[in-house]
Amino acid sequence: MNLTELLENSARQWPDKTAFLEDTTEISYAQLVEKISAFAEKLKTLQLGTGARVGLAYPNGVNYVALTYALWKNNFVVVPVPTECPPEEISEIATEMELSAILFPKALAQTEPLTPEIFVSRFLLATPADNHGLNIAFIRFTSGTTNARKGVVLAHETIRDRVLAANKAFQISEHDTVIWCLPMAHHFLITIVLYLNVGATVVLARHVTAKPFLEATNKWRGTVLYAAPFHFSLLARDNSPAQIESVRLAVSTTCALPQEVAAQFHKRFGKSLLPALGIIELGLVALNSEDPQGRWNSVGKPIPDFQVKIVSPDEHGVGEVDVRGPGICDAYAAPWQSRENLLRDGWFVTGDLGRFDDDGFLFLLSRKTAVINLAGRKVFPEEIEAVLDKHPSIKESRVFGRVHPHLGEVVEAEIVLNAPGASIENLSHYCREHLASYKIPTRFHTVQTLPRTAVTGKLIRATATT
Amino acid sequence: MIQASEIETELLAFLRRDIFSPDTNLTPETDLVGAGFDSMSLVKTLLHVEQKFGKWIPEGEITGDALANTRALAATVARILNES
């Protein structure tokens, strides 16, 4: 199967329904499918071959969505590339993910125009990327224990399964209007693909401040908000009389939802933010829709079709969280590791520590995966550490998220210098050359040593600290 | 008492260095949102102000008017810093 078929089904069912609203532009489901077909024809001329991996370095917008589906229509693999990445990082991604091309919205060095809105940079691969016979749709970065950056591989069927499973919890339908503000390069599958699968309307809110966001919500009668703590914090602190009566579902994408933000949002709008547990390898695992006020620090109960078990619990019931359910990723791309090798007796080992309470609510106590969520952007410590460790004055480093009362988390780093007094004056400049701006640590702490386990000497990953 | 002009100079240097591409000709009057200032830019700017001046600017204070340009943003930041 191909995910474009799901969208084409929606277009047959709701041809005239608005799929996207962006500023003053509205595009119906039928028009979206037409746009995708036109882009797909253009992309065909690249003659990349089935299964070629193509980077997409586009900002949010209808073109981002249409290009993703157009690439799928040609049976290419979509690899999102955040637009903030500096050229050096883009070139690393291209090599590691074995990209055949990257699409950009404007002319850059070594790009050629495909249309006035698509510019392509092509790479000659000695051998085409090996997809191991899988019908791959998507490769999304995450960080690994051996590599700074590895790709989570998702087949078309896998994405369909996780979208269907997630919507058993969200219950989004053609009657919903989603107010969208997150970067699509970081959030796309159990969100945009899901919304388009059920005929919902998506309003692309470009706005940076609360007022226009609230105006858009009320103008278009938004029913679903899906955002990061930062966005909810912005809304909660708005001091106008505006309410958001039409909203029925407000989901916070990170479990590091500060209590202050949740409480302020509830006080301001009389609505609860629902904490959710999403894992790149699994999709949506749990959603706290039952008791977000009383158990604000719980990610809720596992969604239907998902099972969560606590392995080797201690006397307090705390143990490792293992998960199984539909839509588990098919492989890791770099180096290739098949799904069978990722699972332990059919269960995905998250590495997180957690416990259930007597009513079946899941509480996460520490995250081994260590992904930091900065205002909706996912930041992987290993990727930043790999860059810091190459700095001539730095021996080793450890990157972690620090809990911030308004943002959820911010990125900070501990560094061990090669020699006392080694110069790190140019560290910020060095980081800007090698890392997307949102990944650059806000603070650097010079330390003597990093904590390592006694037996294996592995770096002990810090959980978000306050 | 911190002068708005001092904050404007600091913000302009920060925005030129960390937010906008080198080919953006940023002046104190440049429309920030029009030049591509987005929610992540706001996060980084608020963090920078917090780190530099020791105070978090409440997000509710960041209105469309405050983001009209760097001069307006500096005036808002100066007002809040001087209130405390």
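Residues numbered from 1 in each chain as written. Chains lettered and ligands numbered in written order. Predicted model: local features only at pLDDT ≥ 70, side-chain atom pairs only at ≥ 80, totals over all residues.

**Q** Explain the overall build of chain A to me, please; I cannot follow it from the model alone.
**A** Tallying secondary structure elements over chain A gives 12 helices and 28 strands in all. The C-alpha radius of gyration of chain A comes to 22 Å, within 12% of the 23 Å expected for a compact globule of 466 residues. For chain A, the proportion of contacts with a sequence separation of at least 24, taken over those separated by at least 6, is 65%. (Helix = DSSP H or I, 4+ residues; strand = E, 2+ residues; numbered from the N terminus. Rg over C-alpha atoms; globule rule 2.2 N^0.38 Å. Contact = placed C-beta atoms within 7 Å.)

**Q** Mind showing me how you'd approach the domain arrangement of chain A here?
**A** Interface size is often expressed as the accessible area that is lost when the parts come together. All names here are of chain A. What the domain assignment reports for chain A is domain 1 (3-129), domain 2 (158-366) and domain 3 (372-446). For domain 1 versus domain 3, the separation of C-alpha centres amounts to 31 Å. With 6 residues of domain 1 at the contact, the number on the domain 3 side is 6 residues. Of the residues that constitute the side of domain 1 that touches domain 3, the class distribution is 3 nonpolar, no polar and 3 charged. (Domains from an automatic or database assignment. Nonpolar A, V, L, I, M, F, W, Y, C, P; charged D, E, K, R; others polar.)

**Q** It is not clear to me how the environment of Glu215(A) should be interpreted in this structure. Could you clarify?
**A** Residue and element names in this part refer to chain A. Examined against the element boundaries, Glu 215 turns out to sit in helix α7 (residues 210-219). Note on Glu 215: 14 C-beta atoms within 10 Å, which makes it partly exposed. Note: C-alpha distance between Glu 215 and His 156 (59 residues apart in sequence) is 36 Å. (Buried ≥ 20, exposed ≤ 12 C-beta atoms within 10 Å, placed from the backbone.)

**Q** So what exactly am I meant to see when it comes to helix α2 (residues 39-53) of chain B here?
**A** Think of an α-helix as turning once every 3.6 residues; residues three or four places apart then point the same way. With 15 residues, α2(B) should cover 21 Å at 1.5 Å per step; its first-to-last C-alpha distance of 21 Å lies within 8% of that length. Listed in full, the buried residues belonging to α2(B) are Ser39(B), Met40(B), Ser41(B), Leu42(B), Val43(B), Lys44(B), Thr45(B), Leu46(B), Leu47(B) and Val49(B). Residues of α2(B) that are buried sit in contact with α8 (229-236), β24 (372-374), β25 (377-379) and β27 (408-417) of chain A together with α1 (4-19) and α3 (70-83) of chain B. Immediately downstream of α2(B), the backbone of Gly54(B) shows phi near 75°, a positive value. (Expected span 1.5 Å × (residues − 1).)

**Q** Is there a simple way to think about unusual backbone geometry in this case?
**A** Note: most residues except glycine have negative phi, and most peptide bonds are trans. Residue and element names in this part refer to chain A. Residue Pro 335 follows Ala 334 across a cis peptide bond; omega there is -5°. By secondary structure assignment, the location of Pro 335 is in the loop between β19 (331-332) and β20 (337-338). Here Gln 47, not a glycine, exhibits a phi torsion of approximately 50°, which is positive. Here Gln 47 shows up in the loop between α2 (29-44) and β3 (53-56). The phi torsion at His 132 lies on the positive side, around 55°, for a residue other than glycine. Within the secondary structure, His 132 is located in the loop between β7 (118-122) and β8 (136-142).

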